[in-house]
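Secondary and tertiary structure notes
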Amino acid sequence: MKLRDVQVASIGDRTTILRSRTWDRLKFEVEYSLQKGTTANSYLIQAEKTALIDPPGESFTKIYLEQLQQQLEFTQLDYVILGHVNPNRCVTLKELLELAPQITFICAKAGAVALRAAFPEKELKISVAREEEVLDLGLGHKLQFIPVPTSRWPDELYTYDSLTRILFSDKLFGAHVCGDEIFDEGWKLLDEDRRHYYDCLHAAQSRQVEIALNKFTSLSVSFYAPGHGPLVRYSKSRLNHDYRLWSQQQKERDLTVALIYASAYGNTGTIAQAIAKGITKAGVAVESINCESAEPSEIHALVEKCDGFIIGSPTLGGHMPTQVQTALGIVLSVAAKNKLAGVFGSYGWSGEAVDEIESKLQDAGYHFGFDTIRVKFKPSDTILQQCKEAGTDFAQALKKAKKIRAPRQPISDSQIDRTEQAVGRIVGSLCVVSAKRGEVTSAMLASWVTQASFNPPGLTVAVAKDRAIESIVHTGDEFVLNILKEGMNLRRHFLQPFAPGEDRFVGLATQASENGCPILSDALAYLECSVHSRLDCGDHWLVYAIVNNGQMLQPTGMTAIHHRKSGSQY
Ligand SMILES: Cc1cc2nc3c(=O)[nH]c(=O)nc-3n(C[C@H](O)[C@H](O)[C@H](O)COP(=O)(O)O)c2cc1C
């Protein structure tokens, strides 16, 4: 199998897709954590004028430009339309400009600022896209532009071709999966990837996503052409509906965290995304604000209404950027002292910005929901997992505080729900699920385990959505189910609280299984499993796994069983 290539296909009148494909994980960002590769989709419209939409980032620069050269004469390229501008994409743009210096860039206003900053030495031709304007490429191809600024991409821009009725939707409706299918014929299999993509990229800006969705309701769209993954034709209305539903669900959460950050080169942004994922998976909403593009009044309003806030900043020239300084000033003057705080940031060598934010918040008397996160340059996969867990800890602390603040109801025996008592009579085998994906290892105690099929041999485990291990037991992942022996004390070990990223196997005898996940040597038996699918069950994922291999570790002994008084607890 090729590791990277560019697939080219016609998708409409004079319209070609160039899909830069990788079957490997592209980057260490949470959005790629399902490790199914991705495609960076670029589009070419060749009418009387020629327009290229969204060239990929530097991972594909060379192979992409080679393919593009086979589709056109570079001297004939009139426009390059940018759904958003980032440093990664600018690497490709730089080479493209060498080959086609005549091009005019079309992007949103914030994109124009970013482009000029990326190429200070060049006299770029830039046309700022405005909603009411139409770009006529000739032969019926009239392009309409839809600026949809969000906190993560203040320069986000969609493009609509009124002839083919394709909506080029950049970050909206994508998925990080790689394959040969250009369209979404197999969309039912994409559910988990699409949801993961939404959770990573859009859940923390769901308000803006709703505004974006409303911006093209009046357009008749034949299909959506996103920046990543399959084109959306067969599941167009379903995905639109899902995005609305997921955004609505974010709005209905009881608790909200304000995530306020800036990121010049993307590293602090990557950390922010991991923290946000950890918070949202615990059922708490995140509203993110990019200090560089937000109005002070917007920051003020969010800080006032949020239940907790987290501030992130890079260190540049020994300081935090002025926009972060302004935001910090607003936070210090507006946020009530009982709001939970958090600080994070990427730095190169000295990291003054994070220290300064932390000490100012400390001096002002705020309590912190996690230990301040300092990351040297780019976060690794292990660090991202820690950031996610820190986010989950933060969300759990907020939920706990809310419960404490709620007035206590006097409890009498008669009020204990009889149904709960009855549900509590369901028992399960006490097990430890251990999983490893790349560098990341995790484990959890599980008693909601049961055999689910004979052929293939299969079982289900219910995993609470806010468990650290949840993010590494997706479809296709592997784990070991360690079945505990009655009378052993392993249970107590796994019940203790673990800090984000802490090794959960310290002090325990373990051995590696064939699938790489730790086996507890003191377990009664173990099973090596691969995750077949996951069912969304309220606050838990029901993970169905196929057993590939298993062994008794002790010839005698009974399975430990967990008896409960109530179905409202494990
Ligand atoms: C112009 C410039 C100045 C920097 N100054 C500092 C500094 O004073 N101290 C430090 O620890 N890192 C410094 N760095 C490193 C950045 O903090 C580091 O690259 C960080 O990952 C940037 O985060 P971001 O990608 O979120 O913008 C500097 C980087 C640049 C480009």
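Here the structure is a predicted model, which means the values were calculated and not measured. (Residues numbered from 1 in each chain as written. Predicted model: local features only at pLDDT ≥ 70, side-chain atom pairs only at ≥ 80, totals over all residues. Heavy atoms only, no water.)

**Topic: the sheet that holds strand S16 (residues 340-347)**
Strand order across the open sheet formed by 5 strands is S14-S13-S15-S16-S17, with parallel pairing between neighbours. Unpaired on one side and paired on the other, strand S14 (285-290) and strand S17 (373-376) mark the two borders of the sheet. Each strand of the sheet is rotated relative to its neighbour by a mean of 15 degrees, with strand direction disregarded. As paired strands, strand S13 (residues 256-261) and S14 are joined by 6 bridges and run parallel to one another. (Pairing = 2+ DSSP bridges. Helix = DSSP H or I, 4+ residues; strand = E, 2+ residues; numbered from the N terminus. Axes fitted to C-alpha atoms, helices over the stretch in contact; angles between N-to-C directions.)

**Some details on the domain arrangement of the protein**
One widely used convention gives an interface's size as the accessible area the parts lose upon coming together. Domain boundaries in the protein define domain 1 (4-185 + 220-234), domain 2 (253-402) and domain 3 (424-562). Just the C-alpha atoms count here: the centres of domain 1 and domain 2 sit 31 Å apart. Residue-level contacts link 9 residues of domain 1 with 12 residues of domain 2. Interface area for domain 1 against domain 2, summed over the two sides, is near 990 Å², with a carbon-plus-sulfur share of 53%. Among the residues of domain 1 in contact with domain 2, Phe 28, Val 30 and Ser 151 are the three that bury the most area, contributing 55% of the side total. On inspection of domain 1 and its partner domain 2, the count reaches 1 salt bridge. Asp 381 is paired through a salt bridge with Arg 25; the nearest N and O atoms lie 3.0 Å apart. Where domain 1 meets domain 2, there are 5 residue pairs in polar contact (both at pLDDT 80 or more). (Domains from an automatic or database assignment. Contact = heavy atoms within 4.5 Å. Buried area = accessible area lost by both parts, 1.4 Å probe. Salt bridge = Lys/Arg side-chain N within 4 Å of Asp/Glu carboxyl O. Polar contact = N/O pair within 3.5 Å; in protein donor to acceptor, adjacent residues only side chain to side chain.)

**Notes on the packing of aromatic side chains**
On inspection of all chains with the given rule, the structure shows 14 aromatic pairs. Centre to centre, the rings of Phe 173 and Tyr 224 are 4.4 Å apart; their planes meet at 35 degrees, and the pair counts as tilted. Remark: Tyr 224 occurs in strand S12 (residues 223-226) and Phe 173 occurs in the loop between strand S11 (166-170) and helix H4 (191-201); sequence separation between them is 51 residues. Residue Tyr 224 is classed as buried on the basis of its relative accessible area of 5%. The interplanar angle of 40 degrees and the centroid separation of 5.8 Å between the aromatic rings of Tyr 243 and Trp 246 together place this pair among those described as tilted. One end of the pair is Tyr 243 and the other is Trp 246, both in helix H6 (residues 236-251) and 3 residues apart, which spans about a single turn. Judged by its relative accessible area of 0%, Tyr 243 falls in the buried class. An aromatic cluster is built from Tyr 158, Phe 173, Tyr 198, Phe 216, Tyr 224, Tyr 243 and Trp 246, whose rings are joined through pairwise contacts. Just above the ring of Trp 541 sits the side chain of Lys 465; from NZ or CZ to the centre is 4.8 Å. (Phe/Tyr/Trp six-rings, centres within 6.5 Å; stacked < 30°, edge-to-face > 60°. Buried < 20%, exposed > 50% of the residue type's maximum accessible area, 1.4 Å probe, protein only. Lys NZ or Arg CZ within 6 Å of the ring centre and 35° of its normal.)

**Topic: the environment of Cys 200**
For Cys 200, the position within the fold is in helix H4. Sequence separation between Cys 200 and Lys 277 is 77 residues, and the spatial gap between their C-alpha atoms is 5.8 Å. Apart from residues lying up to four places away in sequence, Cys 200 is in contact with Val 30, Glu 31, Gln 273 and Lys 277.

**A few points about the site of the ligand**
Taken together, 19 residues form the shell around the ligand, and within it Ser 263, Thr 268, Gly 318, Ser 346 and Ser 350 come nearest. Gly 318 is positioned such that a nitrogen or oxygen atom in its backbone is 2.6 Å from an oxygen atom of the ligand. In the model, an oxygen atom of the ligand is placed 2.9 Å from a nitrogen or oxygen of the Gly 351 main chain. Against a free-state accessible area of 640 Å², the protein chains account for coverage of 81% of the ligand. Among the elements of the structure, helix H7 (267-280) and S16 are those that each provide at least two residues to the shell around the ligand. Of the residues belonging to the shell around the ligand, the class tally is 7 nonpolar, 11 polar and 1 charged. (Near = heavy atom within 4 Å. Areas by Shrake-Rupley, 256 points an atom, 1.4 Å probe, with all protein chains shown as cover. Nonpolar A, V, L, I, M, F, W, Y, C, P; charged D, E, K, R; others polar.)

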